[in-house]
Amino acid sequence: MIKVITKAVCDAGPIIHLDELNCLDLLTDFQEIVVPRMVCEEIRRYRPSALKGHDVSFTILDQHIFPDEPLLAICRIFSLDRGEIEALTLMKKNPQAMFLTDDASARLVAEEMGFRVHGTIGILIRSVRRGQREPEEVDRILSEIPLKSTLYIKHLLLKEIKSKIKKEFDL
Amino acid sequence: MKTIETEVPEQLYKKAKALVQEGWFRDEKDVFSEAIRRFLTTHQSELMEKFVRDDIEWGLHGND
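Conventions we followed
Residues numbered from 1 in each chain as written. Chains lettered and ligands numbered in written order. Predicted model: local features only at pLDDT ≥ 70, side-chain atom pairs only at ≥ 80, totals over all residues. Heavy atoms only, no water. Helix = DSSP H or I, 4+ residues; strand = E, 2+ residues; numbered from the N terminus. Rg over C-alpha atoms; globule rule 2.2 N^0.38 Å. Buried < 20%, exposed > 50% of the residue type's maximum accessible area, 1.4 Å probe, protein only. Areas by Shrake-Rupley, 256 points an atom, 1.4 Å probe, with all protein chains shown as cover. 1 Å grid on protein atoms, 1.4 Å probe; cavity = no way out; pocket = protein on both sides within 12 Å on 5 of 7 lines; lining within 4 Å. Points joined across faces, edges and corners; volume = space filled by probe spheres on them. Nonpolar A, V, L, I, M, F, W, Y, C, P; charged D, E, K, R; others polar. Expected span 1.5 Å × (residues − 1). Contact = heavy atoms within 4.5 Å. Buried area = accessible area lost by both parts, 1.4 Å probe. Salt bridge = Lys/Arg side-chain N within 4 Å of Asp/Glu carboxyl O. Polar contact = N/O pair within 3.5 Å; in protein donor to acceptor, adjacent residues only side chain to side chain.

S.K.: Please clarify how the overall build of chain B should be interpreted in this entry.
M.R.: Helix and strand counts for chain B come out as three helices and zero strands. Shown N-terminal to C-terminal, the secondary structure of chain B runs as helices and strands in the order α-α-α. Relative to its length of 64 residues, chain B is extended, with a C-alpha radius of gyration of 18 Å against a globular reference of 11 Å. Dimensions along the principal axes, computed over C-alpha positions, put chain B at roughly 55 × 25 × 20 Å. Within chain B, buried positions represent 23% of all 64 residues. Counting every atom, chain B has about 5200 Å² of accessible surface; 56% of that belongs to carbon and sulfur.

And the structure:
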């Protein structure tokens with residue numbers, strides 16, 4: 001399948017969570033995955049393996065980028081961390097890109113700024129539509145989230161997602 | 001008021017203490033209460049569920 005012409009700016013969460021689930025390859029479907037410097041440092045601290053030893057190619061920025069005052073003020077109000085602030089600063093410069101994050105506050109700010117935002121769950125489910133995984137595999141991976149991943153999701157909601165997948169794909 | 005006992009990283013504590021010393025908060029308890037309050041404001045269950053549901057819809061029927 002042809003890659004989508006979409007550049008993605010990535011926060012630490014999706015990279016860490018997809019790696020924990022052995023699904024980091026799903027990101028290869030994007031035209032480019034840009035990782036801000038601070039996000040890269042967070043990943044190196046919490047899950048260094050996520051950035052090496054696989055075929056996913058990240059564009060890691062070699063310098064920190066700084067937000068303008070209004071963005072910094074909003075980020076402070078929402079208590080965003082430095083990685084999220086750098087990612088949103090980058091999004092402001094690339095508004096056509098997609099922002100990938102699992103942080104509710106960062107997502108809230110990004111959506112209010114008008115950006116397209118998605119998280120690990122969306123990327124996993126999208127993999128069926130994009131022909132990267134079979135529906136049965138995604139159903140299994142979703143079951144593994146509480147066991148293998150640090151992505152926290154309400155048990156009942158996870159159950160509901162699995163039901164939707166089963167219904168959608170006649171499993 | 002409920003009393004809780006928890007461990008926080010040294011750096012985090014130092015930053016909270018600095019805010020108190022600069023006069024922005026009465027004491028460290030106020031700093032942590034405010035931090036938790038803000039976190040809870042932006043991490044409401046309904047909001048997180050909405051984001052997941054949006055992701056399901058995009059995952060299944062999106063065009064990118």
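S.K.: Sorry, what's going on with the layout of surface pockets here?
M.R.: A water-sized probe, rolled over the atoms, reveals where empty space remains. Residues and elements named next belong to chain B. The space that makes up the second largest pocket amounts to roughly 610 Å³. Lining the second largest pocket are 15 residues, and of these K2, I4, K29, F32 and S33 sit closest to its centre. Among the elements that take part in the lining of the second largest pocket, helix 2 (residues 28–42) stands out by supplying six residues, more than any other. In the lining of the second largest pocket, the residues fall into six nonpolar, three polar and six charged.

S.K.: I keep staring at helix 3 (residues 45–61) of chain B and nothing clicks. Help me out?
M.R.: Each α-helix winds once per 3.6 residues, and so residues spaced three or four apart point in a common direction. Taking 1.5 Å per residue as the helical rise, helix 3 of chain B with its 17 residues ought to reach 24 Å, and the 24 Å between its terminal C-alpha atoms agrees with that figure. If you check which residues of helix 3 of chain B are buried, you get L47, E49, F51, V52, D55, I56, W58, G59 and L60 of chain B. Those residues of helix 3 of chain B that are buried are in contact with strand 4 (98–100), helix 5 (104–112), strand 5 (116–118), helix 6 (120–129) and helix 8 (155–168) of chain A together with helix 2 of chain B.

S.K.: Which parts of the structure should I look at to understand unusual backbone geometry?
M.R.: Residue and element names in this part refer to chain A. Although it is not a glycine, N22 sits at a positive phi angle of roughly 55°. Position of N22 relative to the elements: it lies in the loop between helix 1 (12–20) and strand 2 (30–35). In the Ramachandran plot, D170 falls in the positive-phi region, its phi being about 55° despite a non-glycine side chain. Following the sequence through the fold, D170 ends up in the segment after helix 8.

S.K.: Just to check I follow, could you spell out the interface of chain B and chain A for this structure?
M.R.: When the parts of a complex come together, some accessible area is lost, and that lost area is often used as the size of the interface. At the interface, 21 residues of chain B touch 33 residues of chain A. Counting each side, the surface lost to burial between chain B and chain A is near 2200 Å², with a carbon and sulfur contribution of 60%. Looking only at chain B, the three residues that lose the most surface to chain A are F51, W58 and D64 of chain B, adding up to 29% of its buried area. In this structure, the connection of chain B to chain A is made through four salt bridges. A salt bridge links D64 of chain B to R116 of chain A, with the shortest nitrogen-to-oxygen separation between them at 2.5 Å. Taken together, the links from chain B to chain A amount to 14 residue pairs in polar contact (both at pLDDT 80 or more). Those elements giving two or more residues to the side of chain B that touches chain A turn out to be helix 2 and helix 3 of chain B.

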